[in-house]
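Residue-level structural notes
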Amino acid sequence: MTDASSLALARPEAPLPAGRRSHLVMDPAPRVAPAPAGNMSAGRPFLACACFFSDNIFVGRYGLHVRYQDEGQLRRDHGQVLRERGCRSEEDFSAVLREDSFLAPEFLEIVRYCTSPGAHLHGLLRYIESFSDKRIYRLPVFTQEFCQAFVDELENFEQSDMPKGRPNTMNNYGVLLNELGMDEAFITPLREQYLQPVTALLYPDLGGACLDSHKAFVVKYSLHEDLDLSSHYDNAEVTLNVSLGKDFTEGNLYFGDFSQDPTPVPKYVEIEHVGAQGLLHRGGQIHGALPIASGERWNLIIWMRSSTIRNQLCPMCNKKPELVEAEGFGDGFTESLEDDAPETVNLCTLW
């Protein structure tokens, strides 16, 4: 259960398939629109209270507003009232959690497996869909209800006159989720508690067990705006791309080589977007999106980063990172003493 449930790139090595543009590196620096004066108070931006993500969540089945932090807190604070209103069995209580969870039950089952004793890659692959040998995986992530509510909120934000930064120089339409206050209360717990157990098994060599920062944004494709996305690779160790909706046709993703291991004649694999489901792939996997033919599509993108990995080599310039100050998570680099680095064992891979 969560508050979120109530949300009212360089030249290609070979010719790309038809409709696909040249290979570019996605620029992580957004261009921020100037802030309208009406949204500022004495030069200060308006903010949101973190309680939006935990308080006043409505459980429609029992007509009750609750506060939710975790299952134990819900039982302690609201168990008696829920029982009085008909929530009397464990099955009833589990249904409450499922009803208001923004995560798909199938995804929660995947996470339970990944956090169980003895979990391993081959066992995980029984729960998710794997594509070719490029280490691309599809899995359910959110409920359809959450996706609809999320898109509704994004559209409200897009239509407002609030200042907006764009995700990167390749997408003209989208929303940076930190501007909506969703990093700390939504994306960070999603990454740490749910995605990291999965990526630890899928991508141990890329720091999948210690993804300690991210950049999260939503991109929008429609006939009168951005139709497609040129070939590129991400400033991330691991990327999650979730199709939030709405109704659309065509617009498949395509994947080529790994950026650090190109071949003379790349082979591409084309993958269809499925609503409420996500694609996990290596950030360095060259990819793009074909044009949509009709409708409108919103995608949640989470670039997940491991400072343990990228502190050694910047994935964008392939050099030792030259660090400069940045806001928030920056680009995921951290300052560390050389003496702190393990000499022979990368603890990050020992998940």
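Let us now look at the overall build of the chain. Along its length, the chain carries seven helices and 17 strands. Taken over 351 residues, the chain has a buried fraction of 49%.

Tallying each qualifying case throughout the model produces 13 aromatic pairs. An angle of 25 degrees between the planes, with centres 5.9 Å apart, marks the rings of Phe102 and Phe142 as stacked. One end of the pair, Phe102, is in the loop between helix H2 (90-100) and helix H3 (105-114); the other, Phe142, is in the loop between strand S7 (136-140) and helix H5 (144-159), with 40 residues separating them in the sequence. We note that Phe102, like Phe142, is buried. Look at Tyr254 and Tyr268: their rings are 6.0 Å apart centre to centre, the planes differ by 65 degrees, and that puts the pair in the edge-to-face class. Residue Tyr254 is found in strand S13 (residues 253-258), and its partner Tyr268 is found in the loop between S13 and strand S14 (269-271); the two are separated by 14 residues along the sequence. Here the aromatic cluster, defined as three or more aromatic residues joined through ring pairs, consists of Phe102, Phe142, Phe146, Phe150 and Phe186.

Turning our eyes to something else, we now look at the pairing of strand S16 (residues 285-289). Along S16, five of the five residues are buried, which leaves the element largely enclosed by surrounding structure. Side-chain alternation along S16 places Gln285, His287 and Ala289 on one buried face and Ile286 and Gly288 on a second face that is also buried. Pairing between S13 and S16: four bridges, direction antiparallel. Bridge pairing links Phe258 to Gln285 in S16.

Once that is clear, we can look at the pairing of S7. Of all five residues in S7, five are buried; the element is thus mostly enclosed. Here S7 shows two buried faces, one formed by Ile136, Arg138 and Pro140 and the other by Tyr137 and Leu139. A loop of four residues connects strand S6 (residues 129-131) with S7, the two strands running antiparallel in sequence, and Ser132 in this loop sits at a positive phi of about 50 degrees. Pairing between S7 and strand S15 (residues 277-282): four bridges, direction antiparallel. Each residue of the ladder has a partner; that of Tyr137, found in S15, is Leu280.

Moving on, we get to the state of the cysteines. Scanning the model with the defined rule gives zero disulfides in all. Left without a disulfide partner, Cys317 is nearest to the cysteine sulfur of Cys314, which lies 3.8 Å away. Looking at Cys317, the relative accessible area reads 40%, which means it is partly exposed.

What follows concerns the packing of H3 against helix H6 (residues 182-202). It is the contact of H3 with H6, at a shortest axis distance of 9 Å, that shows an interaxial angle of 60 degrees. If you check the angle between H3 and H6, you find them oblique. Pair H3 / H6 crosses with left-handed handedness. Across the interface between the two elements, Phe107, Leu108, Ile110, Val111 and Cys114 of H3 pack against Gln193, Tyr194, Leu195, Pro197, Val198 and Leu201 of H6.

Let us now look at the nonpolar core. Note on soluble globular proteins: their nonpolar side chains tend to be buried together. Membership of the largest hydrophobic core comes to 45 residues, with the highest contact counts inside it found for Phe142 and Leu244. Contributions of two or more residues to this core are made by H3, S7, H5, H6, strand S9 (213-222), strand S11 (238-245) and strand S17 (292-305). Among the elements that line this core, the one with the most residues is H6, at eight residues. Discounting residues that sit within four places of it in the chain, Leu244 has contacts with Phe142, Cys147, Phe150, Val151, Leu154, Val218, Trp298, Asn299 and Leu300.

We note that Arg135 has phi near 60 degrees; this positive angle belongs to a residue other than glycine. Checked against the element boundaries, Arg135 lands in the loop between S6 and S7. Even without being a glycine, Ala276 presents a positive backbone phi close to 70 degrees. Here Ala276 is to be found in the loop between S14 and S15.

In this model, H5 (16 residues) spans 23 Å end to end at C-alpha, consistent with the 22 Å of a helix rising 1.5 Å per residue. The complete set of buried residues in H5 reads Phe146, Cys147, Ala149, Phe150, Val151, Leu154, Glu155, Phe157 and Glu158.

All right, on to the environment of Arg112 then. Within the secondary structure layout, Arg112 lies in helix H3. Residue class for Arg112 comes out partly exposed when judged on its relative accessible area of 48%. Once the C-alpha coordinates of Arg112 and Val198 are considered, the two residues, 86 residues apart in sequence, prove to be 9.7 Å apart.

The first and last C-alpha atoms of H6 sit only 26 Å apart over 21 residues, clearly below the 30 Å expected at 1.5 Å per residue. The largest bend in H6 comes to about 55 degrees, at Leu195, with the proline Pro197 one to four residues further on.

What counts, and where the lines are drawn
Throughout, residues of each chain are indexed from 1 in the direction in which the sequence is written. Residue-level local features of this predicted model are given only where pLDDT is at least 70; pairs of side-chain atoms are given and counted only at 80 or more, and the full residue set underlies all totals for whole chains, interfaces and linings. The side-chain figures draw on all heavy atoms in the structure; neither hydrogens nor water molecules are used. A helix here means a DSSP run of H or I that spans at least four residues, while a strand means a run of E at least two residues long, and both kinds are numbered starting from the N terminus. For each residue, the accessible area found with a 1.4 Å probe, counting protein chains only, is set against the maximum for its type, and the residue is called buried under 20%, exposed over 50%, and partly exposed in between. Ring pairs are drawn from Phe, Tyr and Trp, using the six-membered ring of Trp, whenever the two centres fall within 6.5 Å, and their geometry is named by plane angle: stacked under 30 degrees, edge-to-face over 60, tilted for the rest. When DSSP locates at least two bridges between a pair of strands, those strands are taken to pair. Throughout, a disulfide means two cysteine sulfur atoms within 2.5 Å of one another. Lines fitted to C-alpha atoms define the axes, with helix axes restricted to the stretch in contact, and inter-axis angles between N-to-C directions lie between 0 and 180 degrees. Reported orientations rely on four angle classes, namely roughly parallel under 35 degrees, roughly antiparallel over 145, roughly perpendicular from 65 to 115, and oblique for the rest. With the far helix as reference, a near helix turned anticlockwise by less than a right angle produces a left-handed crossing, and one turned clockwise produces a right-handed crossing. Working rule for contacts: check all heavy atoms of both residues, and any pair within 4.5 Å makes them a contact. For our purposes a nonpolar core is just a set of buried Ala, Val, Leu, Ile, Met, Phe, Trp, Tyr and Cys residues, chained together by side-chain atoms within 4.5 Å. Helix span is expected to be 1.5 Å times the residue number reduced by one. The angle between axes fitted to the seven-residue stretch ending at a residue and the seven-residue stretch beginning at it gives the bend at that residue.

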